[in-house]
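Breakdown of the fold
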Amino acid sequence: MRNYSVKGAARRNFFRLTLLLLGVLICSLLSIPQTKIQAASSVKIRYNGKTHKNKSKKMTVKYNGKTVSKKSYKALIIKKKYMVSYADVFKKGVKAKCKYNKSKKSLSISANGATLVMTVGKKKAKLNGKKVTLPVAPLSVRYVSKKKTKILVPINYVAKILHLSYKKSGSTIMLGAPLLLTCDNVMTYYTGAQGNIFYNHKLYNLKTLPVIKVSKNMYMPAEETIKNIMGLDYEYDAGRKEITISNEDTDKELIVTINSKNAILNDKKITLSAPAKIIRNNKTKKDIVCIPAATILKQLNYTRGWNKSGNYYQIQSKEFFSWQKALSQEEKNSTTTNTLHKFSAVYLEQGGTGSITFRLAGTLHDILKTATVTRSGNVITATIPKSDYILDKHQFNNFGEIVQKMDITEKEDSVVISFQCMNVADFSYITQNGVLEINILYTYGSRDGSVISYSLSIPKPAGVTMSNVSNEDLYASKTFKVFINGDHVAFYQNNPIIINNSNIKNITVTRSGANTVITITTATLSGYKIFDKGDCFQIKMGTPKKIYKNIVVLDAGHGGHDPGAQNRGTNEKDLTFKILYTLMKNYFSGNAPDTKVYWTRTNDSYISLANRAAFAKSVGADVFISLHMNSATNTSANGTEVYYSVSNNSRGFSGITSQKMANLFKTRLVNDLKTKNRGTKSAAYYVLKHNTVPAILIELGFLSGNSDYGKLTNPTFQNNAAKSIYNGIIALFGTYPTGR
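Basis of the calculations
Residues numbered from 1 in each chain as written. Predicted model: local features only at pLDDT ≥ 70, side-chain atom pairs only at ≥ 80, totals over all residues. Heavy atoms only, no water. Helix = DSSP H or I, 4+ residues; strand = E, 2+ residues; numbered from the N terminus. Buried < 20%, exposed > 50% of the residue type's maximum accessible area, 1.4 Å probe, protein only. Contact = heavy atoms within 4.5 Å. Lys, Arg positive; Asp, Glu negative; His and termini not counted. Charge placed at Lys NZ, Arg CZ, Asp CG, Glu CD. Pairing = 2+ DSSP bridges. 1 Å grid on protein atoms, 1.4 Å probe; cavity = no way out; pocket = protein on both sides within 12 Å on 5 of 7 lines; lining within 4 Å. Points joined across faces, edges and corners; volume = space filled by probe spheres on them. Nonpolar A, V, L, I, M, F, W, Y, C, P; charged D, E, K, R; others polar. Axes fitted to C-alpha atoms, helices over the stretch in contact; angles between N-to-C directions. Core = buried A, V, L, I, M, F, W, Y, C linked by side-chain atoms within 4.5 Å. Polar contact = N/O pair within 3.5 Å; in protein donor to acceptor, adjacent residues only side chain to side chain. Patch = residues over 30% accessible without salt bridge, like charges linked within 9 Å, V, L, I, M, F, W, Y side chains within 5 Å. Areas by Shrake-Rupley, 256 points an atom, 1.4 Å probe, with all protein chains shown as cover. Salt bridge = Lys/Arg side-chain N within 4 Å of Asp/Glu carboxyl O.

A closer look at the overall build of the protein
Looking only at helices and strands, the protein features 15 helices and 57 strands. Out of the 740 residues belonging to the protein, those deemed buried represent 47%. In the protein, the share of contacts with a sequence separation of at least 24, taken over all contacts with a separation of at least 6, comes to 59%. Considering the protein, the positive charge centre built from 105 side chains and the negative charge centre built from 45 side chains are found 26 Å apart.

Regarding the sheet that holds strand β42 (residues 456-459)
With antiparallel pairing, the 4 strands of this open sheet are ordered in space as β45-β42-β49-β48. Among the strands making up the open sheet, the edge pair consists of β45 (498-499) and β48 (527-532). Relative to strand β49 (residues 536-542), β48 runs antiparallel, the two being bridged by 6 bridges. Each bridged residue has a counterpart across the sheet, and for Lys529 the counterpart in β49 is Lys540.

Observations concerning the layout of surface pockets
As a volume, the second largest pocket reaches approximately 670 Å³. Asp473, Leu474, Tyr475, Trp599 and Thr602 are, among the 33 residues lining the second largest pocket, the residues nearest its centre. By residue class, the composition of the lining of the second largest pocket is 14 nonpolar, 12 polar and 7 charged.

Here's the deal with the sheet that holds strand β43 (residues 469-474)
For sheets, the rule is that strands pair by backbone hydrogen bonds, running either parallel or antiparallel. Spatial ordering of the open sheet is given by β43-β44-β47-β46, a layout of 4 strands whose pairing is antiparallel. Of all the strands in the sheet, the pair left with one neighbour each is β43 and β46 (504-512). The sheet shows a mean angle of 15° between the axes of neighbouring strands, direction not considered. Note that strand β44 (residues 479-485) and strand β47 (residues 515-522) share 7 bridges and pair antiparallel. Across the sheet, Val482 pairs through a bridge with Ile518, a residue of β47.

Quick look at the nonpolar core
One finds Leu700 and Ile729 to be the most contacted residues of the largest nonpolar core, which totals 78 residues. With near-sequence residues (within four places) excluded, Leu700 lies in contact with Ile579, Leu627, His628, Met629, Gly639, Thr640, Leu669, Leu673, Leu712, Phe717 and Ala721. The next biggest cluster of nonpolar side chains, apart from the first, holds 34 residues, and it includes Val84, Val89, Leu107 and Val158.

So, the side chain of Ser85
Mapped onto the elements of the fold, Ser85 is located in strand β6 (residues 81-85). One polar contact links the side chain of Ser85 to the main-chain amide nitrogen of Asp88, over a distance of 3.2 Å. If we skip the residues at most four places from it in the chain, Ser85 touches Phe90, Lys150, Ile151 and Leu152.

Remarks on a negative patch on the surface
A surface patch of like charges, here negative, comprises Asp233, Glu235, Asp237, Glu248, Asp251, Glu253 and Asp267. Here the negative patch gets 3 residues from one element, more than from any other, and that element is strand β22 (residues 233-237). Mapped onto the elements, Asp233 comes out in strand β22.

Here's the deal with helix α2 (residues 86-93)
Among the residues of α2, Tyr86, Asp88, Val89, Phe90 and Gly93 are the ones counted as buried. Lys95, located one to two residues past α2, shows a positive phi value of around 70°.

As for a positive patch on the surface
A contiguous patch of positive charge on the surface is contributed by Lys57, Lys81, Lys167, Lys168, Lys308, Arg651 and Lys660. Within the element layout of this structure, Lys167 appears in strand β14 (residues 165-169).

A short note on the pairing of strand β15 (residues 172-176)
Of all 5 residues in β15, 4 are buried; the element is thus mostly enclosed. Strand direction decides the pairing type here: strand β3 (residues 60-63) and β15, joined by 4 bridges, are parallel. Following the sheet pairing, Thr60 is matched in β15 by Thr172. As defined by bridge partners, β14 adjoins β15 across 5 bridges and the pair is classed as antiparallel. Its bridge partner being in β15, Ser165 is matched across the sheet by Gly176. Once β14 ends, the chain turns through 2 residues before running back antiparallel as β15, passing Gly170 with a positive phi of about 65°.

Taken by themselves, the reported measurements are silent on function.
Dropping the structure here:
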């Protein structure tokens, strides 16, 4: 009996202890997170006699890059507008002149030539003495937990009234001081786009005046950009109001007159799209000669463009130099000495990968063929035996990121050209028709100089360069092919390909027509890039997202037994396939592209809608683009429209959404192809709604349309459509980088 009662008591104590511990655990789990969630999601405020639990997104406010909102009093939404404490943001942060009359509830804020007088609780206000209506009245707000009252004002409206720049990004509202400028005798507080210069892959901060937008054109300070950054000859004649820009290395001279579109390029009259201007920076009290960037740089043979995300104007040399000298009769007739008389360097963009191509011309082809190009560390050296260099220029150092400096040394029995590169650089060279061509590409290694391992090393047959190499990705069968011009099957029997990747299942070397074909089969889908390593070609492999900066899935609508829309014997499936695959595949055929394209179909086959949508996820795509042709019973229906799904419109990389993507392509296609603009629309199409990435469906035109049919079936229009979609893809990733 006693043993039983002891056991029962022990059991009861055990249950009590267990229940107690569970109670403590549950209380801790319930109480602590609830407190944190409450603090993070809402703030209790009181205004107009009522208490509110404000759950809006709280925004930090910065002015000229410095945080001016207090941690406990961030911008919050009241009556659909972001409101901030005038004292924290405008008085203390912006340093505006502020006065608040507590008895009259009157608030005055002054800055940059504007005075806004408001009354708490009223929308009616005065701007510089004139009546205006506020979007929301200033409010006296009591922060209950802080026991603090603050006067809140609509930040966007007040900022713009005070000529401040205003921009929302993520969880931050950014305000900026205006530039006080005088242009064309009009003084203005400028709050538009402002930026620096990104020249030949290097960022330069402007000191006299940032790049600004005037009358739809981007203007840059002439002397600071042209002379100090780009290193060109620059002169300004104030009396004649005449600018002279000359580049001795490319033999160009441009003469521009202030406020005139007429100009002279190499003694020929031309017309600019916008005139040069004198813009006064009233802060520094200096007049600055400014030139319209796009039209001036175009005449000087530079690629150029405004980078919105980076806030800089990008300038890239197409031609670094073109030196040449006339040969004497003795130099022409010599049979023993090779005379080097022409030397040029140009920049080439190859599928997102840049390279500098050097071409050196000599008089004796046989001697030039014996030139050697070697690499030691970061230096690439070209040695041309038994040669004379008769050009005046022996040095150049304005290349940018790839090559830092080039030096030419004349020796007793040779000419040596050395290229100092930023990192260990890829290169290739070939001699043909008396010209030595050297290509220096972006670096193999990462920016910190570490070595990147390669999956395949393919020995290079004699005389073969990267220009002789192409590839084809047969990703549906987990295979890709490398094509090398010429018959090199026997060469590879004696010089085997080195494999350094466990994902490779098989490699074969065969001959097909005029090419040697190296076929690589992998266990899983693999991305790849081919590089020239000097004595061999090396292939880097990995999952697509590890190899490529950008990945796109292109979906040619319909196919196989599904013809799509039809008219006069023309099938929609054939048009979508021709434009999106046949005409576009060459745009993405580079050996080391930054942007990779996968197609849902590469022949006239039927692919289910579910498989099309799922394909994007299987290849790790960033975006999905489907192409279709529209149809209607009414032949007067014509034009382009682009669709997205509201069910698949969340923010992706760099803030991209399906809707933003649809707007970008709609605008580009309509502008490029001159089709009728039928707008951007939402629809629950399967390939859009069930996709895992930002996705759009382009209805290029109406196959049934009385004017669209002729366009859609026209080869020139089809080529232009393919080019427009390609340019749209490049613009998309330029504006919204993936971050890889």
